[in-house]
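Listed here are the chains, written in short residue letters.
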Amino acid sequence: MASTISIMLMITAITGAMLITGSNGQLSSTFYSSTCLNVSSIVRSVVQQAQQSDARIYASLLRLHFHDCFVNGCDGSILLVSNSTLNIQSEQGAAPNSGSVRGFNVVDNIKTAVESACPGVVSCADILAIAAEASVSLAGGPTWTVQLGRRDSTIANMSGANSDLPAPSESLSSITTKFAAKNLSTTDLVALSGAHTFGRARCTTFINRLYNFSNGSPDSTLNSSYLPTLQNACPQNNQTALANLENLDPTTPDTFDNNYYANLQIEQGLLQSDQELFSTSGAATVSIVNSFSSSQSSFFQSFASAMINMGAISPLTGTSGEVHMQRLRFTDIMLSSAMMGLT
């Protein structure tokens, strides 16, 4: 029987050879036109079906793509699980992800459906990008032409997830710096923050604003009428309640629209990082918030552009990385070994 190392080397060679003609190291909207023409409709169908039993799934899948791209680029690394044999320390265990990133079962279902139609062709990283667009458009938001051709990482970066992902209690200046490091503009920042127009957040992400934010008082930029609602949902000194969920958008919580920005204007941004976009005196973000609040079409156009920009952060293309046959790379190795008669 071949050794484990030999198996891994053989599989790496095979997956490395799975180069899809025409990538040339670049992303393209027609990347799968000759190898998996219906991939977008397959993904969309599974996502739409998942939403019937999980109202949060659209927001969760969009968040998965964002949290993937901000760590080592859009490479599917957030999907990898910890495995000592492969020296993988999962990004899922990082502080911004632990207990909050979700939707992995839906990604599994999408991957199964795609593999059934187009075996060994579509990367998990591309599936995340397609699922994000499908989620937004199905929730009433804009559509955009998803650029494809990413390949999957064989490594994860937990420390990068801890350092690079914006935190809900982080200052606007710090978050702006993090976006700039990814070559994303201030307009991209405000537009992508608009993803909080749907979905939920745990009390632990905003409870710091409710009781002892400054000099023993709640955050002064939090609407005084909104405050009791949040305090009721997140009672003080109640550890169990920290996992309670609150709508990011109290007006239309499951619809992708521009109400998020109107909420900021009346100090009903749930997260500190949200409200600072509007309440930071002299910030360039204030006028952008006002613009998006007054024009949903302007927001939708900027969001679509920002998603394309974000989706182009350091993708693995060409012969870099691999195309995972399933979401979990350890499973890929075991499955591929069995297929080759090595186990």
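Labelled according to an unreviewed UniProt entry, the chain appears under the name Peroxidase, originating from Acorus calamus. In its Function (unreviewed entry) section, the UniProt record describing the chain reads: "Removal of H(2)O(2), oxidation of toxic reductants, biosynthesis and degradation of lignin, suberization, auxin catabolism, response to environmental stresses such as wounding, pathogen attack and oxidative stress." The UniProt entry for the chain carries the following text under Catalytic activity (unreviewed entry): "2 a phenolic donor + H2O2 = 2 a phenolic radical donor + 2 H2O".

Caption draft 1: Layout of the layout of surface pockets. If you add up the space inside the largest pocket, you get close to 950 Å³. Looking at the largest pocket, it is lined by 40 residues, and the ones nearest its centre are Arg63, His67, His196, Leu248 and Leu271. Only α3 (57-69), α7 (172-181), α8 (186-193), β1 (200-202), α11 (272-279) and α13 (296-311) provide two or more residues apiece to the lining of the largest pocket. By residue number, the principal contributor to the lining of the largest pocket is α3, which donates six residues. Here the residues of the lining of the largest pocket sort into 24 nonpolar, ten polar and six charged.

Caption draft 2: Looking closely at the confidence of the model for the chain. Scored by pLDDT, the chain comes out at a mean of 89, with 88% of its residues at no less than 70. Note on residues 1-24: pLDDT is under 50 here. Beyond four places in sequence and across chains, it has 30 contacts. The model gives residues 330-343 a pLDDT under 50, and that stretch makes 25 contacts with residues more than four places away or in other chains.

Caption draft 3: Spotlight on the pattern of salt bridges. Inspection of the entire model under this criterion finds seven salt bridges. Residues Lys111 and Glu115 are paired through a salt bridge, measuring 2.9 Å at the closest nitrogen-oxygen approach. Note that Lys111 and Glu115 are positioned in helix α4 (residues 104-117) at a spacing of four residues, about one turn of the helix. There is no split in this pair, since Lys111 and Glu115 are both buried. A salt bridge links Asp254 to Arg200; the nearest nitrogen and oxygen atoms lie 2.9 Å apart.

Caption draft 4: Highlighting unusual backbone geometry. The phi dihedral of Asn215 falls on the positive side, at around 55°, and the residue is not glycine. Tracing the backbone shows Asn215 in the loop between β1 and α9 (227-233). The phi dihedral of Asn237 is positive, around 60°, even though this residue is not glycine. Judged by relative accessible area, which is 75%, Asn237 ranks as exposed.

Caption draft 5: Broad picture of the UniProt feature "active site" (unreviewed entry) in the chain. Those residues carrying the UniProt feature "active site" (unreviewed entry) are His67 in this numbering. Assignment of secondary structure puts His67 in helix α3. Setting aside anything within four residues of it in sequence, one finds His67 in contact with Ile78, Pro96, Asn97, Val101 and Leu165.

What counts and how
- Residues numbered from 1 in each chain as written.
- Predicted model: local features only at pLDDT ≥ 70, side-chain atom pairs only at ≥ 80, totals over all residues.
- Heavy atoms only, no water.
- UniProt positions renumbered as here; feature names shortened; annotations may be inferred.
- 1 Å grid on protein atoms, 1.4 Å probe; cavity = no way out; pocket = protein on both sides within 12 Å on 5 of 7 lines; lining within 4 Å.
- Points joined across faces, edges and corners; volume = space filled by probe spheres on them.
- Helix = DSSP H or I, 4+ residues; strand = E, 2+ residues; numbered from the N terminus.
- Nonpolar A, V, L, I, M, F, W, Y, C, P; charged D, E, K, R; others polar.
- pLDDT = per-residue confidence, 0-100.
- Contact = heavy atoms within 4.5 Å.
- Salt bridge = Lys/Arg side-chain N within 4 Å of Asp/Glu carboxyl O.
- Buried < 20%, exposed > 50% of the residue type's maximum accessible area, 1.4 Å probe, protein only.

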